Amino acid sequence: MTYSKPTPGKRQLLKPDAEPGFSISVQPCRPTSRGFIEIKDADPRTPPRIVTNALSTDYDVDQMRKAALFIRRFSQTPTMQALIVREIAPGPSCQGEDALLQDARERAGTLFHPVSTCRMGADPAQSVVNARLQVHGLQGLRVVDASVFPMVTSGNTNAPTLMLAERAADWILAAAQGR
Ligand SMILES: Cc1cc2nc3c(=O)[nH]c(=O)nc-3n(C[C@H](O)[C@H](O)[C@H](O)COP(=O)(O)OP(=O)(O)OC[C@H]3O[C@@H](n4cnc5c(N)ncnc54)[C@H](O)[C@@H]3O)c2cc1C
């Protein structure tokens, strides 16, 4: 199916199009752009500020340009043309690398796999938790969720999160039992 994405802030649901269709997308798995997350104020109920800084390095921009051109070439092959009635988005008027890149900036998303805001690592200056998920410099506090991944996985994140949680549960039980 094809669909329009929800408008942020309005909680509108994903809107599927009436006619049958499909999407072709690319997912660069090793982005070099770095964002940040920060506390906005002293009230713990205030949502944090999340700045992804997506497509902010030349490497990432170059990858996206090449990927967008590849999708166009791929969809123009006879095999794909036999299936495609018309391109809905970005549409035939969107031509050239710059226009395709601009379209990617406007329509790209994270695919719901945010990780690494409490990255695991040996160096407290570069990471939040150690290899046993204990917060550097504190006693008795661990972080056990996708935020400790050193980097985003190339596949989905749910199963790796469950694996991590199983492992951490063993460590936490062992620590509680003095093992
Ligand atoms: C729309 C969507 C689709 C996805 N599709 C897939 C998919 O198809 N396959 C896949 O592998 N992954 C998918 N993911 C990603 C996957 O769901 C996440 O990577 C995974 O759930 C991360 O696990 P987590 O434990 O780190 O965080 P979460 O699963 O987000 O768990 C955080 C928990 O903390 C609770 N919480 C938050 N604040 C507080 C608080 N103050 N006090 C107490 N509890 C609190 C929340 O209620 C929640 O239960 C998808 C994610 C989204 C959003």
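Residues numbered from 1 in each chain as written. Predicted model: local features only at pLDDT ≥ 70, side-chain atom pairs only at ≥ 80, totals over all residues. Heavy atoms only, no water.

Draft legend 1. Seen up close, the overall build of the protein chain. A count of helical and extended segments in the protein chain gives four helices and four strands. For the protein chain, the N- to C-terminal ordering of α and β elements is β-β-β-β-α-α-α-α. Counting only C-alpha atoms, the protein chain reaches 65 × 35 × 35 Å along its principal axes. Residues classed as buried in the protein chain amount to 20% of the 179 residues present. For the protein chain, restricting intrachain contacts to residue pairs at least 6 apart in sequence, the fraction spanning at least 24 positions comes to 44%. With the model as given, the accessible surface of the protein chain reaches about 13,300 Å², and the carbon-plus-sulfur share is 58%. Within the protein chain, one finds 21 positive and 17 negative side-chain charges whose respective centroids are separated by 3 Å. (Helix = DSSP H or I, 4+ residues; strand = E, 2+ residues; numbered from the N terminus. Buried < 20%, exposed > 50% of the residue type's maximum accessible area, 1.4 Å probe, protein only. Contact = heavy atoms within 4.5 Å. Areas by Shrake-Rupley, 256 points an atom, 1.4 Å probe, with all protein chains shown as cover. Lys, Arg positive; Asp, Glu negative; His and termini not counted. Charge placed at Lys NZ, Arg CZ, Asp CG, Glu CD.)

Draft legend 2. Region of the structure containing the pattern of salt bridges. Inspection of every chain in the model, using the stated rule, returns eight salt bridges. Between Arg86 and Glu19 there is a salt bridge whose closest N-O contact spans 3.4 Å. In this pair, Arg86 is assigned in the loop between helix H2 (78-81) and helix H3 (97-107) and Glu19 in the loop between strand S2 (15-16) and strand S3 (36-38), connecting sequence segments 67 residues apart. Across the pair Glu97 and Arg65 runs a salt bridge, and its minimum N-O distance is 3.7 Å. Here Arg65 lies in helix H1 (residues 58-75) and Glu97 lies in helix H3, a separation of 32 residues in the sequence. (Salt bridge = Lys/Arg side-chain N within 4 Å of Asp/Glu carboxyl O.)

Draft legend 3. Representation of the site of the ligand in the model. Every residue near the ligand is listed here: Phe112, His113, Asp145, Ala146, Asn156, Thr157, Asn158 and Thr161. One of the backbone N or O atoms of Ala146 is found 2.8 Å from an oxygen atom in the ligand. Contact with the protein chains removes 31% of the 1,000 Å² of surface that the ligand exposes when unbound. (Near = heavy atom within 4 Å. Polar contact = N/O pair within 3.5 Å; in protein donor to acceptor, adjacent residues only side chain to side chain.)

Draft legend 4. Quick look at H3. Looking at H3, one finds that the buried residues are Leu100, Leu101, Asp103 and Ala104. Seen end-on, H3 carries its buried residues on one side only, within an arc spanning 155 degrees. Exposed and facing more than 90 degrees away from the buried side of H3 are Asp98 and Glu106. Taken together, the buried residues of H3 touch H1. (Arc of directions from axis to C-beta.)

Draft legend 5. Structural context of the domain arrangement of the protein chain. Taken domain by domain, the protein chain consists of domain 1 (3-107) and domain 2 (114-179). Relative to domain 2, the C-alpha centre of domain 1 lies at a distance of 30 Å. (Domains from an automatic or database assignment.)

Draft legend 6. Quick peek at the packing of aromatic side chains. Taken as a whole and judged by the stated rule, the model has one aromatic pair. With a centroid separation of 6.1 Å and 10 degrees between ring planes, the pair formed by Phe70 and Phe74 is classed as stacked. Placement of the pair is Phe70 and Phe74 together in helix H1, with a separation of four residues, close to one helical turn. Taking the relative accessible area as the measure of exposure, Phe74 reaches 35% and is therefore partly exposed. (Phe/Tyr/Trp six-rings, centres within 6.5 Å; stacked < 30°, edge-to-face > 60°.)

Draft legend 7. Focus on a nonpolar patch on the surface. A grouping of Phe22, Ile24, Phe70, Phe74 and Leu83 is seen on the molecular surface, where their side chains present a nonpolar patch of about 470 Å² in accessible area. Inspection of the secondary structure assignment puts Ile24 in the loop between S2 and S3. Note on Ile24: relative accessible area 33%, which makes it partly exposed. (Patch = residues over 30% accessible without salt bridge, like charges linked within 9 Å, V, L, I, M, F, W, Y side chains within 5 Å.)

Draft legend 8. Molecular detail of the nonpolar core. In terms of nonpolar packing, the biggest core is built from eleven residues, these being Val115, Val129, Leu133, Val135, Val143, Ala146, Val148, Phe149, Leu164, Ala168 and Trp171. Leu55, Val61, Leu101 and Ala104 belong to the second largest nonpolar core, which has five residues in total. (Core = buried A, V, L, I, M, F, W, Y, C linked by side-chain atoms within 4.5 Å.)

Draft legend 9. Inspection of the packing of H1 against H3 at higher detail. It is at 9 Å that the axes of H1 and H3 come closest, and there the two elements cross at 105 degrees. One element, H1, and the other, H3, form an angle in the roughly perpendicular class. Residues Val61, Met64, Arg65, Ala68, Leu69 and Arg72 of H1 lie in contact with H3, whose contacting residues are Glu97, Asp98, Leu100, Leu101, Ala104 and Arg105. Tallied by class, the residues present in the contact of H1 with H3 amount to seven nonpolar, no polar and five charged. (Axes fitted to C-alpha atoms, helices over the stretch in contact; angles between N-to-C directions. Parallel < 35°, antiparallel > 145°, perpendicular 65-115°, else oblique. Nonpolar A, V, L, I, M, F, W, Y, C, P; charged D, E, K, R; others polar.)

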